[in-house]
Amino acid sequence: MAKIIVVTSGKGGVGKTTSSAAIGTGLALKGHKTVIIDFDVGLRNLDLIMGCERRVVYDFVNVINKEATLTQALIKDKRTKDLFILPASQTRDKDALTAEGVEAVLEELSKEFDYIVCDSPAGIEKGAQMALYFADVAIVTTNPEVSSVRDSDRILGILQSKSRRAEQGLPPIEEHLLLTRYNPERVSEGEMLSVEDVEEILAIPLLGVIPESDAVLKASNQGTPVILDDQAEAGQAYSDAVDRLLGEQRPLRFTDVQKKGFFKRLLGG
Amino acid sequence: MGIFDYFKSKSEPTSASVAKDRLQIIVAHERSRRTQPDYLEQMQQEIIAVIRKYVQIESDDVQIQLENTDDCSVLELNVTIPEKN
């Protein structure tokens, strides 16, 4: 049986696809057979972030509608062993994702894979609901910013009431906070919510803190998951998050301001 | 924090602490609504409509709350009727 992980947030642009790509790749690097599914029907982007956009032939909706088999639609990652991508459809039909269809695909994938990572679209509409409905684990991706934190709390409410686990009275979805685009300098200046602030408000366990980093844009430009950039802080922070997801203990890194020299401190700035 | 910052006024809270305070209030408010039964919102609208037949009130003049204790639930309804001019 595969573990189903949803990467969700409510708000758009906080780093769900970047995180799905990084965490899915990280799990595969650890030897777990992993598939990442793009649930953003109509606005497919996981393929671009994973660098496989020119290899898309069939998609998730084709499989649901039985126009293609899973084997035909799954794209095998070229860099990482044990990693597959199931791209979203570019159809504009909002009702393309049915609960029965999604369930059947997830069930079939469960037989083969260890982890199924569901990359949720923004919002709380059908696509986002379908992405989280069958989940065992939720990674709530949040920026240290008011609207993102509020939307994350809203998503937590949906995870706790509108998921399969909630509706069937099963043990609840395991919730994790992933704080992205974190800037320790701005936090120390009192201009940005701190890790502790966000943890206190959302009251769910912290999976990781990804520092704001040029490496993220560079990685998406190149179609390489940022976790493969082991020189970058963001890549290393995602590796730590994957280790914690697998139950290992890792100290937080990159959340403190780097020490300034004496004169710089004396003069400020 | 440099030497010049010590001369600045200390009284003003940072924007991050303002953000935290605002978030704590709105999140607590939205969580309490989340645990309410779905019909409460609609019931509130209907109560407002009935009162408006007689007195002109604003939507936020009616506060409705359901409190659950061990053996009973209390529905608390607060209506603020504007003073006569």
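From a predicted model like this one, the values you see are computed outputs, not experimental measurements. (Residues numbered from 1 in each chain as written. Chains lettered and ligands numbered in written order. Predicted model: local features only at pLDDT ≥ 70, side-chain atom pairs only at ≥ 80, totals over all residues. Heavy atoms only, no water.)

### A word on the overall build of chain A
Along the backbone of chain A there are 13 helices and eight strands. Relative to the 2.2 N^0.38 estimate, which gives 18 Å for 269 residues, the radius of gyration of chain A is 19 Å and therefore close to what a compact globule would have. If one aligns the C-alpha atoms of chain A with their principal axes, the spans along those axes are about 70 × 40 × 35 Å. Here chain A holds 269 residues, and 53% of them are scored as buried. (Helix = DSSP H or I, 4+ residues; strand = E, 2+ residues; numbered from the N terminus. Rg over C-alpha atoms; globule rule 2.2 N^0.38 Å. Buried < 20%, exposed > 50% of the residue type's maximum accessible area, 1.4 Å probe, protein only.)

### Let's talk about the overall build of chain B
For chain B, the helix and strand inventory stands at two helices and two strands. In chain B, the order of α-helices and β-strands from amino to carboxyl end is α-α-β-β. Counting over 85 residues, chain B shows a buried share of 16%. By sequence separation, contacts in chain B at least 24 residues apart represent 27% of the contacts at least 6 residues apart. Surface summary for chain B: the accessible area is close to 7,100 Å², and the carbon and sulfur share equals 52%. (Contact = heavy atoms within 4.5 Å. Areas by Shrake-Rupley, 256 points an atom, 1.4 Å probe, with all protein chains shown as cover.)

### What to know about the UniProt feature "domain: CobQ/CobB/MinD/ParA nucleotide binding" (unreviewed entry) in chain A
When the UniProt feature table is mapped to this numbering, "domain: CobQ/CobB/MinD/ParA nucleotide binding" (unreviewed entry) covers residues 5-226 of chain A. Secondary structure within residues 5-226 of chain A divides into 41% helix and 18% strand; the distance between the first and last C-alpha atoms comes to 19 Å. (UniProt positions renumbered as here; feature names shortened; annotations may be inferred.)

### Side note on the side chain of Asp119 of chain A
Residues and elements named next belong to chain A. Checked against the element boundaries, Asp119 lands in strand β5 (residues 115-119). The charged side chain of Asp119 is buried without a salt bridge, its nearest counter-charge being Lys16 at 6.5 Å. Among the polar contacts listed, one links the side chain of Asp119 to the side chain of Thr17, at a separation of 2.9 Å. (Lys, Arg positive; Asp, Glu negative; His and termini not counted. Salt bridge = Lys/Arg side-chain N within 4 Å of Asp/Glu carboxyl O. Polar contact = N/O pair within 3.5 Å; in protein donor to acceptor, adjacent residues only side chain to side chain.)

### Points about the pattern of salt bridges
Residues and elements named next belong to chain A. As enumerated under the stated definition, the model contains 18 salt bridges over all chains in all. Ionic pairing is found between Glu248 and Lys30, a salt bridge with its closest N-O pair at 3.9 Å. Of the two residues, Glu248 is situated in the loop between α12 (233-245) and α13 (262-267) and Lys30 in the loop between α1 (16-29) and β2 (34-38); the sequence distance between them amounts to 218 residues. Judged by its relative accessible area of 31%, Glu248 falls in the partly exposed class. Through salt bridges with shared partners, a single network forms among Lys30, Asp243, Glu248 and Arg250.

### Considering helix α1 (residues 15-34) of chain B
The first and last C-alpha atoms of α1 of chain B sit 28 Å apart over 20 residues, in line with the 28 Å expected at 1.5 Å per residue. By the burial criterion, the buried members of α1 of chain B are Ala16, Ala19, Lys20, Leu23 and Val27 of chain B. All buried residues of α1 of chain B lie within an arc of 95° about the axis, which places them on one face of the element. Of the exposed residues in α1 of chain B, those oriented more than 90 degrees away from the buried face are Arg22 and Ile25 of chain B. Residues of α1 of chain B that are buried make contact with α7 (146-161) and α10 (195-202) of chain A. (Expected span 1.5 Å × (residues − 1). Arc of directions from axis to C-beta.)

### Describing the UniProt feature "binding site: ATP" (unreviewed entry) in chain A
Residues and elements named next belong to chain A. Taking the numbering used here, the UniProt-annotated feature "binding site: ATP" (unreviewed entry) corresponds to Lys11, Gly12, Gly13, Val14, Gly15, Lys16, Thr17 and Thr18. Judged by its relative accessible area of 26%, Lys11 is partly exposed. With residues up to four places along the chain from it excluded, the contact list for Lys11 reads Lys16, Ala122, Glu145, Ser147, Ser148 and Asp151. Within the fold, Gly12 resides in the loop between β1 (3-8) and α1. For Gly12, a relative accessible area of 32% gives the class partly exposed.

### Re the packing of aromatic side chains
All names here are of chain A. If you walk through the whole model with that rule in mind, you get three aromatic pairs over all chains. Where Phe39 meets Phe60, the ring centres are 5.1 Å apart and the plane angle is 80°; that geometry is what we call edge-to-face. In this pair, Phe39 sits in the loop between β2 and α2 (46-50) while Phe60 sits in helix α3 (residues 60-64), placing the two residues 21 residues apart along the sequence. You can call Phe60 buried: its relative accessible area is 0%. Between the aromatic rings of Phe84 and Phe113, the centroid separation amounts to 5.6 Å while the plane-to-plane angle is 80°, which identifies the pairing as edge-to-face. With Phe84 in strand β4 (residues 83-86) and Phe113 in the loop between α5 (99-112) and β5, the pair connects residues that are 29 residues apart, well separated along the chain. One exposure class covers both Phe84 and Phe113, and it is buried. (Phe/Tyr/Trp six-rings, centres within 6.5 Å; stacked < 30°, edge-to-face > 60°.)

### Quick notes on α12 of chain A
Think of an α-helix as turning once every 3.6 residues; residues three or four places apart then point the same way. All names here are of chain A. Between its first and last C-alpha, α12 extends 18 Å over 13 residues, near the 18 Å set by a 1.5 Å rise per residue. Of all 13 residues in α12, 10 are buried, a share of seventy percent or more. Taken as a whole, α12 has its buried residues at Ala234, Gly235, Ala237, Tyr238, Asp240, Ala241, Val242, Asp243, Arg244 and Leu245. On its buried side, α12 packs onto β1, α1, β6 (137-142), β7 (174-182), β8 (206-211) and α11 (214-222).

### Description of the packing of α7 of chain A against α10 of chain A
All names here are of chain A. One can describe the packing of α7 onto α10 by two numbers: an axis separation of 10 Å at closest approach and a directional angle of 35°. When the axes of α7 and α10 are compared, the crossing they make is right-handed. Contacts from Val149, Ser152, Asp153 and Leu156 of α7 reach α10 at Val198, Ile201 and Leu202. Each residue belonging to the contact of α7 with α10 can be placed in one class, and the counts come to five nonpolar, one polar and one charged. (Axes fitted to C-alpha atoms, helices over the stretch in contact; angles between N-to-C directions. Left-handed = near helix turned anticlockwise from the far one by under 90°. Nonpolar A, V, L, I, M, F, W, Y, C, P; charged D, E, K, R; others polar.)

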